Amino acid sequence: MPTLVRLLTITSLSASLAVASGVPAGASAGALPADVAVSTPQVQELDLSGVDVEELRELPPQAPLPAEDVAPEALASSGVSGQPAAEPDAGPGTGAEPDAGPGAGGEPSAEPGADQPEEDARRSGGRSATDAATDAATDGATPSATPGDAPVAAAVPTTPPAVLTPELEVEPFSVFGVSWDVTDDLEDVVVRYRLRSDGRWSDWEAVGASDVAPDADGAEGGAPSRGASDAVVAPDADGIQVWADAERGTVAGLKVVLIDPGPDPAANATGAALRTAVAAPGIVTRAQWGADESLVTCSPDYSRDVRAAAVHHTASSNSYSAADVPGILRGILAYHTRPESGGGRGWCDIGYNFLVDKWGRVFEGRSGGMDRPVVGVHTGGFNSRTFGVAAIGEYGSTTAPVAMTEAISQVIAWKFAVHRISASASVTLVSGGGASKYPAGTAVTFPTVFGHRDAQYTSCPGQTLYAALGAIRNRVAVLADGTVAASPFGSWDSVDARGGAVTVSGWAAEPGSTAPVSVRVDVGGTTRTVVADLHRPDVGAAHPGEGPLHGFRVRVPAPNGRHAVCVTALNVGPGHDVNLGCTWSQVQNATPVGSLDAVTTTATAVAVRGWAFDPDTSDPVRVHVYLDGAPVRSITADGSRPDVAQAFGVGPNHGFAGSVRTTPGVHQVCLYLINVPEGHNPQLACRTVQVGHPPVGALDAVVTTPSTIGVRGWAFDRDTTDPVRVHVYVDGSPVRSLRADGSRPDVARAHGVGERHGFSGTVPATAGRHEVCLYLIDVPTGPNPLLGCRTVTVRNAPPVGAWDALEGTAGDVSVRGWGFDPDTTAPIRVHVYVDGSPVRSLTADRSRPDVARVHGVGDRHGFSGTVAAPPGRHEVCLYLIDVPGGPNPSLGCRVTTVG
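Presented here is an overview of the structure given in this document. (Residues numbered from 1 in each chain as written. Predicted model: local features only at pLDDT ≥ 70, side-chain atom pairs only at ≥ 80, totals over all residues. Heavy atoms only, no water.)

For the structure on display, the rule yields 20 aromatic pairs. Pairing F489 with W507 gives two aromatic rings, centres 5.7 Å apart and planes at 85°, and the pair type is edge-to-face. Note that F489 is positioned in strand β25 (residues 489-498) and W507 in strand β26 (residues 501-509), a separation of 18 residues in sequence. On the accessibility criterion, W507 (0% relative accessible area) is buried. Taking the centre distance of 5.1 Å and the plane angle of 70° together, the rings of Y833 and Y879 count as edge-to-face. Pair noted here: Y833 is in strand β51 (residues 829-834) and Y879 is in strand β55 (residues 872-880), with a separation of 46 residues, a long-range link. According to the relative accessible area criterion, Y879 is partly exposed, its value standing at 27%. Connected via pairs of aromatic rings, a cluster forms that spans F354, F387, W414 and F416. In this structure, K358 is placed above the aromatic ring of Y320, and the distance from its NZ or CZ to the ring centre is 4.6 Å. When the ring centre of W803 is taken as reference, the NZ or CZ atom of R894 above it lies at 4.8 Å. (Phe/Tyr/Trp six-rings, centres within 6.5 Å; stacked < 30°, edge-to-face > 60°. Helix = DSSP H or I, 4+ residues; strand = E, 2+ residues; numbered from the N terminus. Buried < 20%, exposed > 50% of the residue type's maximum accessible area, 1.4 Å probe, protein only. Lys NZ or Arg CZ within 6 Å of the ring centre and 35° of its normal.)

The following block contains the structure:
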């Protein structure tokens, strides 16, 4: 098979970042700088395929993979058991029912060592899991590989492997990883490698496929598209030879990524490394070891709580120096975050939460907050609700140094204090499937400190470190269990994000105390602390020793967007502050809504009218008015609008109206709704208007009666749809205001302004010549133009009639006749005077058919009546009273004698 080797130099994953940190305590073996400038990892990507036949005969016996098998007694002593669960564990605090109480962890769901699943899919040193299990049974349950066992010898392969490279001289590197295409028929890939350092080639070593993957339901979930090894530490190597094969199928698309992390950061200042609370070592922060944060492609994923710690090793060389460690970490970060297509793992950050070197220095791994429940990628199926601590090096046959195991114990003890986990307890977790050896949905009981191999088919954390887990667990218990038992406990029930804030409710209590504790809620860096003293009878029922007064409800202002929400119960006794969990919450501030109903103009102003409200508040919102791009007025939308209340159910007081003065001409008016409490202020509307439209109209007719002047016409103002007023002047004086709201369909057709713009009306007037003028009243203010003037003459016809008879009798005088006024059809009055004095008023409403026949004015115009008079001679006079007013003509005078 021809040799095909392609060398591609990739210069990516670069960034520069200056960060502040400090020197870790107890890190004399290669102390780190305090404030660093991030160096750029240099990456070489080797695409490898084919076999170098010349190299084939140089192959040694196969180097086996580190042993994965675990002796039955080791499994039993680990306390790990698994069984299918009906449904995934919901975890504490997910419902209204409070958590189980002060005892963290809970009891194991099965006896230690019971119900161990078969591991028929594992491979060890090229042997099947069935063979390994058979060997274990035959040898009296002895592990397949014990500390110090020599590699299993094997003959030189007679069948060429899938990939065999020559000795490759490359640029110096300190970390490398290997990946390959995944196919349905490919099983048990083993990559053997040897490295050149200081001019000497190492012995052949082997690495298999990593079974670490993100949980399927996590932020980085999804099946990997390529198989890959874990990151392999190779300090100061400048040559590599790779030999890859599979028990079944053919390895194809092999890529080797070589990472040179660059020089250590230069110190810029001195500071203190983070010190944890429960006798923990100093923790070297990401800033101190020079993490390139530009490689991180996601926000941290959080669990609502943490239940256990998983211990790992990096399965790498143990020959690193203290000075190599920061670079090793930068290399692992670069490999973990490199896309799968480029030969990396495709994760968004380094997988482990913490890493520990052989001098006992603890390093911050995945970002997101060391005291928070950050979900890493370290134990597939169980990444959530656990944190991963990785020992840097390979501890299958090498004993982990005491400084390392003590540091592992101390960082776990601190995390257990922070999350209130007892090292002496067990915890039941539900597998998320994926890379785990337990199918999804299986409930598995672990010690709260367990090894990677307890959850997956792997030798990690190596046989010697795995054997030390009991001692580590006991040490953590000594360091933290007393603190944990005295620390507060609780749960949060709900997170509600709306209206520019996040509201968190739940409960918290101190063991054995009825006194309330304080709770701190952090939302995106903004914190609020309250006393948890609300009445919670459910808490009191579940925890009678603590009582019911332990509820809390906290509202923390937050702008729109995604925010990390963390809740901490603050310790008041000998315990420790406890992180009750973190989550992400999306604040979506509802946008205010409204309508611009009308924009009207006058000669000097623009008026707006409409309604608006914000779903996040019942208070009125503000409406900002812009004129020609400049803010000119803020209006409160608090006017009565019952129609808005009926349509939206938000109360009636959300109307707005207002005006702004401006110059005549064309203007743009825009309105904006002001968001409550803050956020995007949406534009309600923009209108282009003409300022200064005068009202228009027409005077159709001016008519007179004997006592009135009548006018008729139409008028409207384009600045409003409301009817305008028309003022009537007679002989220079205002006499009446008319409303132009009568029906005029002809005006609507001609001008498109609606039909309610007609006017008509009368004003009283005396007989004679008069000047009548009409003015249109501008809306809302401005010049009131003259509609028109007319000169008219008012003529009043005098009443007419006849005196038919006068008769004097004993003690009175009787008169009879008829009279009417051409200006009215109503009967008129007739006044009777005797000897010059008015004595009676008669109504001319008696039947006179003769008058009707002669004058055509109806027959009810006769009059008759009697007035008292003393005996003697008297003069009687009659007068017709003019309608509606004017001269009252005399019907004449007569003399009569009363007997």
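Below, the discussion takes up the sheet that holds strand β33 (residues 593-601). Judged by pairing direction, the sheet is antiparallel, and its four strands sit side by side in the order β33-β34-β38-β37 without closing on themselves. Two strands lie at the open edges of the sheet, namely β33 and β37 (639-640), each paired on one side alone. (Pairing = 2+ DSSP bridges.)

Time to look at the state of the cysteines. By definition, a disulfide is the covalent link that joins the sulfur atoms of two cysteine residues. Applying the stated criterion to the full structure yields five disulfides. Between C670 and C686 runs a disulfide, and the two sulfur atoms are separated by 2.0 Å. Residues C670 and C686 share a disulfide whose torsion about the S-S bond is about 115°; that sign makes it right-handed. With C670 in strand β39 (residues 665-673) and C686 in strand β40 (residues 683-691), this pair connects stretches of sequence that are 16 residues apart. One disulfide in the model links C877 with C893; its S-S distance is 1.8 Å. Classification of the bridge connecting C877 and C893 rests on its S-S torsion, roughly 110°, and on that basis the disulfide is right-handed. Of this pair, C877 sits in strand β55 while C893 sits in strand β56 (residues 890-898), placing them 16 residues apart in sequence. Accessibility expressed as a relative area gives 7% for C877, which makes it buried. Of the residues examined, C893 reaches a relative accessible area of 39% and is grouped as partly exposed. (Disulfide = S-S within 2.5 Å.)

With that out of the way, let us pick up the pairing of β26. The element β26 is extensively covered by neighbouring structure, given that nine of its nine residues are classed as buried. What you see with β26 is no split at all: A501, T503, S505, W507 and A509 on one side and V502, V504, G506 and A508 on the other are buried throughout. In terms of strand pairing, β26 meets strand β30 (residues 549-557) through seven bridges, oriented antiparallel. Opposite T503, over in β30, you have R555 as the bridge partner.

Ordered by their spatial adjacency, four strands build an open sheet running β36-β35-β39-β40, and the pairing between neighbours is antiparallel. With partners counted over all chains shown, the strands left at the sheet margins are β36 (630-636) and β40, one partner each. Direction aside, the axes of adjacent strands within the sheet are offset by 25° on average. Across eight bridges, the pairing between β39 and β40 is antiparallel. If you follow C670 over to β40, its bridge partner there is C686. (Axes fitted to C-alpha atoms, helices over the stretch in contact; angles between N-to-C directions.)

Taking 1.5 Å per residue, 13 residues should reach 18 Å; helix α5 (residues 325-337) reaches 18 Å between its end C-alpha atoms and fits that length. Among the 13 residues that make up α5, 13 are buried, leaving the element largely enclosed by the rest of the structure. (Expected span 1.5 Å × (residues − 1).)

Tracing the backbone shows E394 in the loop between β21 (386-391) and α6 (402-419). No salt bridge forms around the buried E394; measuring N to O, its nearest opposite-charge neighbour R453 is 7.9 Å away. At a separation of 2.8 Å, a polar atom in the side chain of E394 contacts the main-chain amide nitrogen of G396. (Lys, Arg positive; Asp, Glu negative; His and termini not counted. Salt bridge = Lys/Arg side-chain N within 4 Å of Asp/Glu carboxyl O. Polar contact = N/O pair within 3.5 Å; in protein donor to acceptor, adjacent residues only side chain to side chain.)

By themselves, these figures tell us nothing about what the structure is for.
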